[in-house]
Amino acid sequence: MDPLSSDQARLAGEQRKLRLQILGLNTVDAEATFDRVARLAATFTQSPLAMVNFINDERQMFRGMYVPSNPDDQPGPEAGGIVFDLSSVAREAPGDYGFCPHVVAQGSQLALDDVFDYPRFKGNPLVNDMGVRSYLGTPLIDNTGMILGTVCVADVKPRSWDRNLREGMQELTQTLLSEFKLRDSLLAQQQELFGVFDGAPFPIMLTEGANHLLRYANGRQGSAFGMVPQFSPGRQVLPGLDAVGVFNAMDDAFRSGTPTMINSASVMTYDEPAPQEFNFLCTPVRTSPGASISGVLTVAMNTTGQAHSGPEQQAFAANVQERFERLGAGGLPGGGNFGR
């Protein structure tokens, strides 16, 4: 039986996806920590290809990657390999592509000295697409004991993965435990920060990434615009806000790195019988001053019958941004209070 098609494997994939979402790792975005580990793995094993690969229920995401920048660095046919240009390798792949899914499914290290010696693996698309002839993959286990993916290396020629290389890869993989512990620590701190959101008298939502996956919404957000599942794509589950341009403003904030304001947007809400006028302030969120933008904080102010100004929103957003930056680096790992 193919373990990737079993109900047990499907459930495990869904659990991995949830854990990756919570940790802020369920995207293909490159991250310096994981790129560095991939480079160390390639250097240690003298391999032309190395990856830190996270696998959810649908796809593989190479958030850490090392490939040779020069095809001349690869061994030619005389060395038993096939020259492929690996410089443009994508940072994602289907869930059943390559050998890493087998490592995750079996929960143990997989060493293939020569793929052609294994009928089960010889026809793998990784062989045809990239000329891989040998592979060493190690399960990437987080601090809760869950397998999230692999740290792997591959070569375009047959080679022997001896005991020292196998043990070294296991030790290198274990160094990422501290990264997962840090993210869980940030989770706990963010829960305290969300207490500020819960007490705010106006709707607030925090989204992640360019697709605006909903990380958190306070009670006012839910009562006004609707309670929605955590990690759902905002545009799809909040069509009323999309219709008045809120998600376009969030796009601008995420891309530009500067706050974007919408004034006097008329929105039908769940808690009032007539349309309400809102100002929306969309503020890009960084977890440290030098970090990349990881999400958008959107604060809505009901200005029906009031002057259309938003100093309270701006002061609140600035305060929240400062608190996020104090948490340090590491994406937007965090939970939220979402309803049905």
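How each quantity is defined
Residues numbered from 1 in each chain as written. Predicted model: local features only at pLDDT ≥ 70, side-chain atom pairs only at ≥ 80, totals over all residues. Heavy atoms only, no water. Helix = DSSP H or I, 4+ residues; strand = E, 2+ residues; numbered from the N terminus. Buried < 20%, exposed > 50% of the residue type's maximum accessible area, 1.4 Å probe, protein only. Polar contact = N/O pair within 3.5 Å; in protein donor to acceptor, adjacent residues only side chain to side chain. Axes fitted to C-alpha atoms, helices over the stretch in contact; angles between N-to-C directions. Parallel < 35°, antiparallel > 145°, perpendicular 65-115°, else oblique. Contact = heavy atoms within 4.5 Å. Nonpolar A, V, L, I, M, F, W, Y, C, P; charged D, E, K, R; others polar. Core = buried A, V, L, I, M, F, W, Y, C linked by side-chain atoms within 4.5 Å. Pairing = 2+ DSSP bridges.

Our focus in this paragraph is the side chain of His102. Mapped onto the elements, His102 comes out in helix 3 (residues 100-106). Owing to a relative accessible area of 17%, His102 belongs among the buried residues under this scheme. A polar side-chain atom of His102 sits 3.3 Å from a polar atom in the side chain of Arg120.

For the pair helix 1 (residues 7-23) and helix 7 (residues 177-198), the least separation of the axes is 10 Å and the interaxial angle reads 70°. Here helix 7 runs roughly perpendicular to helix 1, going by the angle between their axes. Counting all contacts with helix 1, which are made through Arg19, Ile22 and Leu23, the residues of helix 7 involved are Phe180, Arg183, Asp184 and Leu187. Per-class residue counts for the contact of helix 1 with helix 7 are four nonpolar, no polar and three charged.

Quick look at the nonpolar core now. Formed by 24 residues in total, the largest nonpolar core has its most connected members in Leu49, Phe99, Leu110, Leu112, Val132 and Tyr135. Of all the elements in the fold, those that place two or more residues in this core are strand 1 (49-55), strand 2 (59-66), helix 3, strand 4 (110-112), helix 5 (125-130) and strand 6 (147-155).

A few words on unusual backbone geometry. One non-glycine residue, Gln46, adopts positive backbone phi at about 55°. As for its placement among the helices and strands, Gln46 is situated in the loop between helix 2 (32-45) and strand 1.

Another point: the sheet that holds strand 4. The pairing of strands in a sheet comes from backbone hydrogen bonds and takes either a parallel or an antiparallel form. If you trace the six strands from one edge of the open sheet to the other, you get 3-2-1-6-5-4, paired in antiparallel fashion. What marks the edges here is a single partner per strand, and that holds for strand 3 (92-94) and strand 4. Taking the axes of each pair of neighbouring strands and ignoring which way they run, one obtains an average angle of 25° across the sheet. When strand 4 meets strand 5 (residues 134-141), the two strands line up antiparallel, connected through three bridges. The residue bridging Leu110 from the neighbouring strand is Gly137, located in strand 5.

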